[in-house]
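So you can see what is in the structure, the chains are spelled out below.
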Amino acid sequence: MAYGLLKGKRGIISGALDENSIAWKVALKAKEEGATFTLTNAPIAMRMGAINDLAKQCDAEIIPADATSVEDIENLFSKSTEILGGKIDFVLHSIGMSLNVRKGKEYGDLNYEWFQKGLDISALSLHKFLQVAEKQDALSEWGSVVALSYIAAQRTYSFYNDMAEAKALLESIARSYGYRYGKSKNVRVNTISQSPTKTKAGSGIAGFDAFYEFADKMSPLGNASADDCANYAITLFSDLTRYVTMQNLYHDGGYSSTGISEELVTMIQDQHK
Ligand code: NAI
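A quick note: this is a predicted structure, and the numbers were derived from the prediction, not measured.

(A) Representation of the nonpolar core in the model. Among the nonpolar cores identified, the biggest contains 32 residues, and I13, V26, A30, F37, L39, F90 and F237 are the most heavily contacted of them. Within the residue set of this core, elements represented by two or more residues are α1 (22–32), β2 (36–40), α3 (50–58), β3 (88–93), β4 (139–149) and α10 (226–237). In terms of residue count, α10 provides more of this core than any other element does, seven residues in total. Ignoring sequence-local partners within four residues, the contact set of A30 consists of L6, I13, A35, F37, F90 and I234.

(B) Spotlight on empty space enclosed by the protein. Within this structure, the stated rule accounts for one cavity of 30 Å³ or more. Taken as a whole, the largest cavity spans an internal volume of roughly 50 Å³. If you go around the largest cavity, the residues you meet are Y150, I151, S193, Q194, S195, P196, Y250, D252 and Y255. Split into classes, the residues belonging to the lining of the largest cavity amount to five nonpolar, three polar and one charged.

(C) Looking closely at the layout of surface pockets. Quantified by volume, the largest pocket comes out at close to 1300 Å³. At the level of secondary structure, the elements contributing two or more residues to the lining of the largest pocket comprise α2 (43–46), α4 (70–84), α5 (99–102), α6 (112–135), β4, α7 (163–185), α8 (200–203) and α9 (208–218). Residues belonging to the lining of the largest pocket are distributed by class as follows: 26 nonpolar, 16 polar and six charged. Of the volumes computed, that of the second largest pocket is approximately 170 Å³. Surrounding the second largest pocket, N100, V101, G104, K105, E106, Y107, S158, F159, N161, G204 and A206 form its lining. Taken together, the residues of the lining of the second largest pocket break down into four nonpolar, five polar and two charged.

(D) Geometry of the pattern of salt bridges. The full count for this structure, using the stated rule, is ten salt bridges. Where E134 meets R180, a salt bridge forms, and the shortest distance between an N and an O atom there is 3.0 Å. Of the two residues, E134 sits in helix α6 while R180 sits in helix α7, which places them 46 residues apart along the sequence. A residue is classified by how much of its surface remains accessible, and E134, at 22% relative accessible area, is partly exposed. Of the charged contacts in the structure, one is a salt bridge between K217 and E213, with a shortest N-O distance of 3.6 Å. A residue pair is termed a helical-turn pair when its members lie 3 or 4 positions apart in one helix, as K217 and E213 do in helix α9 at four residues. On the basis of relative accessibility, which here comes to 44%, the residue E213 falls in the partly exposed class. Through salt bridges with shared partners, one network takes in K87, D137 and K185.

(E) Up close: unusual backbone geometry. Phi at D137 is positive, roughly 45 degrees, even though this residue is not glycine. Structurally, the position occupied by D137 is in the loop between α6 and β4. A relative accessible area of 29% places D137 in the partly exposed class. In this model, N186 sits at a positive phi of 60 degrees, which is unusual for a non-glycine residue. Tracing the sequence through the fold places N186 in the loop between α7 and β5 (188–194). You can call N186 partly exposed: its relative accessible area is 29%.

(F) Structural context of the site of the ligand. Surrounding the ligand, one finds 28 residues, the nearest of these being S21, N41, K167, T197 and T199. A67 is positioned such that a nitrogen or oxygen atom in its backbone is 2.9 Å from a nitrogen atom of the ligand. Here T199 contributes a side-chain N or O atom positioned 2.4 Å from an oxygen atom of the ligand. Given that more than half its atoms are within 2 Å of the pocket grid, the ligand belongs to the largest pocket. Within the residue set of the shell around the ligand, elements represented by two or more residues are β4, α7 and α8. Here the shell around the ligand is built from residues that sort into 14 nonpolar, eleven polar and three charged.

The rules behind the values
- Residues numbered from 1 in each chain as written.
- Predicted model: local features only at pLDDT ≥ 70, side-chain atom pairs only at ≥ 80, totals over all residues.
- Heavy atoms only, no water.
- Core = buried A, V, L, I, M, F, W, Y, C linked by side-chain atoms within 4.5 Å.
- Buried < 20%, exposed > 50% of the residue type's maximum accessible area, 1.4 Å probe, protein only.
- Helix = DSSP H or I, 4+ residues; strand = E, 2+ residues; numbered from the N terminus.
- Contact = heavy atoms within 4.5 Å.
- 1 Å grid on protein atoms, 1.4 Å probe; cavity = no way out; pocket = protein on both sides within 12 Å on 5 of 7 lines; lining within 4 Å.
- Points joined across faces, edges and corners; volume = space filled by probe spheres on them.
- Nonpolar A, V, L, I, M, F, W, Y, C, P; charged D, E, K, R; others polar.
- Salt bridge = Lys/Arg side-chain N within 4 Å of Asp/Glu carboxyl O.
- Near = heavy atom within 4 Å.
- Polar contact = N/O pair within 3.5 Å; in protein donor to acceptor, adjacent residues only side chain to side chain.
- Sits in = over half its atoms within 2 Å of the grid points.

Here you go:
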């Protein structure tokens, strides 16, 4: 059911790779809620082509941009305001990648060039988005910027490797820039800390399936789906959450506040029978 929450709003949505992507679901919901927006992804990701189908469904133009390139991001924001006919009301940052994770490097044997590249793609890119937007004065007053994070920013999950540092940095940038942009333009910046979700980025993590099940059993409501994550992002883009800023918001079915669940206790007891 649509509520018209984003009626008349203009946005930029990054990170829709295929139909499992969180950003893909956000785009469909944003369209449903009345927004117009541009889609963006790394030029290399365009080769998969799926984003063209999404663009058709959403009447959206695609502007390729490597999230590490300030020049690409400048082009992204200036073209988006031009195409959409005004300042941008909401931005989704849904970008993450660790070369060390992808290439199976352990935490005690990291390749530092890859580490820096991963930080650049997954975290500094949020700063770059915000700095470019601010310099171009591309965001509307009370605009909303949302990035996606994971609880490995607060607690150690060995398999998450150097992405943990990337997420900690991402959340810190959301706070620091949220302060700055809040002061100057009432723009709000938040991160959503999402449950494990079966996407390309998620499944790249070693032992993901076991962990997905663990988190599901640990959370009183079960893991939050990508569709529900999209619903939450829409509320943060809407005018109903105008005073929420500089927050890391858990969207995880209660996982982050649970010590241990009955299901897990029972599972462990059964092992000892
Ligand atoms: P996904 O693989 O569909 O999306 C990741 C996106 O990042 C892709 O579209 C990819 O093309 C893009 N990307 C990678 N390098 C880029 C670059 N240099 N420039 C521009 N874009 C680039 O996976 P998902 O899960 O939808 O990921 C979206 C966000 O959600 C990421 O920040 C991820 O860390 C976060 N997240 C994912 C969870 C999961 O379990 N899947 C849990 C919590 C957070």
